[in-house]
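# Summary of the model geometry
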Amino acid sequence: MTAVDIRTGPLLRSGYRQGMRRRVAVTLWMSVLLAGLILLDLVTGPSPLSVGDALFGLLRGPANPDGMTATIIWSIRLPITLMGVLVGISLGIAGLQMQTILDNPLASPFTLGFSAAAGFGAALAIMFGAALPIAAWLLTPLAAFAATLVSCGLIYGMARARGANPEILTLGGIAVMFLFQALQSLLQFLASPEVLQQIVFWLFGSLMKANWTSVMVLGGVLLVTVPLLARDAWRLTSLRLGDAHARSLGLDADALRRRTFGFVALLTAAAVAFVGTIGFIGLVAPHAARALVGEDQRVLMPLTALMGAALLVGASVVSKIIAQGAVIPVGIVTAVVGVPVLFTLVMRRGAGGWG
Amino acid sequence: MTDATLTLQDVSVARGGKQVVDRVCAALPGGAVTAICGPNGAGKSTLIGAIAGVAVHHGAIRWDGRNLDRTDVAFMPQCVAIRSTLTVLEVVLLGRLDRLGWTLREADLAAAGDALAALGLTHLAERRINTLSGGQQQLVLLAQRLMRKPRILLLDEPTSALDLNRQLLVFDMLASYARENQALVLVALHDLSLAARYASMLLLLRQGTLMGSGHPAEVLRAETIRAVYDVEAEVLHSSGGHPVIAPLHASTECPLRFGGERPPVYHAEM
């Protein structure tokens with residue numbers, strides 16, 4: 001047992017490299033699939049375009065002399081498609097990290113009441129926003145964003161006072177969720193039928209609300225949060241050993257949970273504020289990615305992001321195909337696309353980290 | 001390099017208003033295995049946790065006359081089943097959590113390979129840890145700590161899930177690791193005979209208080225075992241001269257009894 005076999009070193013290294021190459025290949029294939037889905041999303045819609053037209057329109061830029069194609073691609077479809085990609089990335093990563101810090105396979109970005117808080121904020125803006133001198137397209141996302149951060153602040157405060165363990169975070173999150181659900185229901189009860197309809201439509205979650213401003217804002221939030229999360233990749237991986245072992249390796253688990261929770265809140269708030277609540281992506285993308293590449297966050301995080309984007313853009317394509325001439329809110333379709341993907345992967349590979 | 005010493009000076013840990021470890025003083029030599037023994041709740045894990053820096057303590061803990069540098073220490077808490085699907089190699093690599101970067105260094109891969117080989121686990125490197133038995137998981141976690149090449153290795157019940165053969169192999173390996181690296185291997189253990197065979201020093205704790213310390217042959221006496229464990233025991237000696245503890249019966253009435261019948265007392269045939 002004490003003798004070190006000198007032949008094992010190179011074998012171990014080549015085995016490791018082979019495993020990493022396979023994981024990187026899976027990630028690259030997912031990028032290709034996402035690129036294909038992006039193109040498909042651009043050509044699908046009430047006025048169909050050919051792939052050639054779409055590519056040509058994209059390459060010629062917004063100042064394309066063929067005015068119609070340029071307008072469809074650059075002013076209408078591209079911001080919606082890109083928003084689908086960015087929201088998918090945000091919800092995928094937020095779901096993965098929520099599952100990691102709560103040590104719970106059922107966690108998603110909305111487990112701790114963020115969607116209820118965003119819905120309350122949006123409902124508040126829809127009901128009373130007319131009295132304020134701010135445009136509705138800006139006020140509603142701002143209110144949803146602010147309410148989500150308030151809910152995050154409440155849970156964060158509790159975690160700071162009592163320790164950021166999964167039980168405290170979950171308990172605090174569920175209490176906050178019930179609070180905002182109740183407030184949201186109160187607003188819906190008091191709203192006129194027209195306002196109620198607007199609130200319910202917002203809650204469905206739809207990429208149609210996207211524009212270049214929302215793309216820029218969410219893109220900016222991702223640019224800030226993803227590198228910070230990536231810096232903690234190994235530390236987040238170590239949480240999967242359980243708190244006792246992770247702490248014994250020198251990890252400050254409470255601090256890691258608190259800052260990750262803050263990034264998750266920021267990502268979720270920015271995504272939800274512009275497109276409403278789009279469920280299932282944050283639950284299914286991490287499981288699907290985990291089943292393909294395991295739990296090393298250096299690979300798992302990028303693949304989850306790509307998987308989330310592919311699922312949401314795929315759902316966007318489906319939402320445009322199943323109702324010709326109309327677009328069903330994508331939040332309704334995500335589960336229809338996501339469930340077969342999850343079932344297939346679970347049947348083939350087991351239930352990822354929680355098998 | 002001369003062997004350093006870990007000195008504990010009036011080390012106390014309080015929890016919920018109760019002294020879980022009460023003013024423990026000891027000097028633990030490097031280059032050897034030291035065992036901490038005692039009944040359940042005696043404070044073994046807490047004392048190890050205090051040295052590891054995961055339990056808040058009072059008193060001084062010094063290594064080689066200086067304050068402890070945490071990078072010298074590796075600590076393995078009591079094992080609980082790991083549900084993760086990380087591979088064995090990835091789990092061992094996490095032993096260097098403090099210095100792992102986005103790309104792995106050759107030195108870290110090599111150190112992980114050495115630690116796996118030292119415990120005979122190389123063939124399991126690509127296996128997911130949740131598919132291993134409890135004993136195999138325990139060995140992987142031990143390899144993870146060894147990968148750090150610590151000067152002070154703190155192990156809480158490191159062989160609790162291992163069969164007899166692997167218990168002996170692991171302790172043989174730990175003893176040689178301590179010798180070759182002038183390291184202190186401090187182990188919390190329930191098996192007094194195993195402690196007596198491998199430890200050059202034994203600490204006996206009861207309710208947080210140090211009841212005895214020194215060479216196992218000096219500490220493990222029938223009257224000490226009675227005072228610490230409430231157990232009547234006979235101290236025999238193996239052919240190698242190590243004390244072997246043969247428990248005879250509990251010296252107090254059993255509080256764990258069902259119904260009114262007193263449980264039978266078994267006497268060892270000598």
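Residues numbered from 1 in each chain as written. Chains lettered and ligands numbered in written order. Predicted model: local features only at pLDDT ≥ 70, side-chain atom pairs only at ≥ 80, totals over all residues. Heavy atoms only, no water.

### Considering the environment of B:Val13
All names here are of chain B. Our working definition: Here a strand is any run of E in DSSP of at least two residues, a helix any run of H or I of at least four, and the numbering for each starts at the N terminus. By definition in these notes, contact holds between two residues if any of their heavy atoms fall within 4.5 Å.
Inspection of the secondary structure assignment puts valine 13 in strand β1 (residues 5-15). C-alpha separation for the pair valine 13 and proline 150, spaced 137 residues apart in sequence, amounts to 24 Å. Not counting chain neighbours up to four residues away, the residues in contact with valine 13 comprise Lys18, Gln19, Val20, Val21, Thr46, Ala50, Val56 and His57.

### Points about the domain arrangement of chain B
Residue and element names in this part refer to chain B. The cut-off we apply is this: All domain edges in this entry derive from an automatic or database-based domain assignment. Summed over both partners, the accessible area lost on bringing two parts together, with a 1.4 Å probe, is the buried area. In what follows, salt bridge is the name for a side-chain nitrogen of Lys or Arg lying within 4 Å of a carboxyl oxygen of Asp or Glu. Here a polar contact is taken to be a pair of N or O atoms separated by no more than 3.5 Å, where protein atoms must pair a possible hydrogen donor with a possible acceptor and residues adjacent in sequence count only if both atoms sit in side chains.
Here the domain parsing of chain B yields domain 1 (5-220) and domain 2 (230-270). Contacts between the two partners involve eight residues from domain 1, matched on the other side by six residues from domain 2. Each partner contributes to the roughly 570 Å² buried at the junction of domain 1 and domain 2, and carbon and sulfur atoms together form 60% of this total. For the interface between domain 1 and domain 2, the tally reads one salt bridge. Between aspartate 230 and arginine 206 there is a salt bridge, and its shortest N-O distance comes to 3.5 Å. Across the domain 1-domain 2 interface, the total number found is one residue pair in polar contact (both at pLDDT 80 or more). Those elements giving two or more residues to the side of domain 1 that touches domain 2 turn out to be α6 (192-198) and α7 (216-219).

### Structural notes on the confidence of the model for chain A
Residues and elements named next belong to chain A. What counts, and what does not: How sure the predictor is of each residue is captured by pLDDT, a score from 0 to 100.
Mean pLDDT over chain A: 87, with 94% of residues reaching 70 or higher. Averaged pLDDT values for the elements of chain A fall to 77 in helix α14 (residues 330-349) and rise to 97 in helix α9 (residues 233-238). Contacts for the low-pLDDT stretch residues 2-7, under 50 throughout, to residues beyond four places or in other chains number seven contacts.

### Remarks on the interface of chain B and chain A
Condition: Polar here means any residue outside two lists: the nonpolar Ala, Val, Leu, Ile, Met, Phe, Trp, Tyr, Cys and Pro, and the charged Asp, Glu, Lys and Arg; Gly therefore counts as polar.
Across the contact, 45 residues belong to chain B and 34 residues belong to chain A. Summed over the three residues of chain B that lose the most area to chain A, namely B:Arg83, B:Leu97 and B:Trp102, the buried surface amounts to 20% of that side. Seen at the junction of chain B and chain A, the total is four salt bridges. Its salt-bridge partner being B:Glu90, residue A:Arg23 comes within 2.7 Å of it at the nearest N-O pair. Scanning the region where chain B abuts chain A turns up eleven residue pairs in polar contact (both at pLDDT 80 or more). Here the side of chain B that touches chain A takes eight residues from helix α3 (residues 106-118) of chain B, the largest share from any one element. The residue makeup of the side of chain B that touches chain A, split by class, is 25 nonpolar, twelve polar and eight charged.

### Observations regarding the packing of aromatic side chains
Put simply, the rule is: The aromatic pairing rule takes the rings of Phe, Tyr and Trp, using the six-membered ring of Trp, and pairs them if the centres are within 6.5 Å, calling planes under 30 degrees apart stacked, those over 60 edge-to-face and the rest tilted. A 1.4 Å probe rolled over the protein chains alone gives each residue an accessible area, and that area as a share of the maximum for its type sets the label: buried under 20%, exposed over 50%, partly exposed in between.
Throughout the structure, instances matching the rule amount to three aromatic pairs over all chains. Between A:Phe120 and A:Phe180, the ring centres sit 5.7 Å apart and the planes meet at 55°, which makes this aromatic pair tilted. Taken together, the positions of A:Phe120 in helix α4 (residues 114-128) and A:Phe180 in helix α6 (residues 166-190) put the pair 60 residues apart, joining distant regions of the chain. Across the pair, A:Phe180 and A:Phe120 agree in class, each one buried. With a centroid separation of 5.3 Å and 25° between ring planes, the pair formed by B:Phe171 and B:Tyr198 is classed as stacked. Highlighted residues: B:Phe171 in helix α5 (residues 164-181) and B:Tyr198 in helix α6, separated in sequence by 27 residues. There is no split in this pair, since B:Phe171 and B:Tyr198 are both buried.

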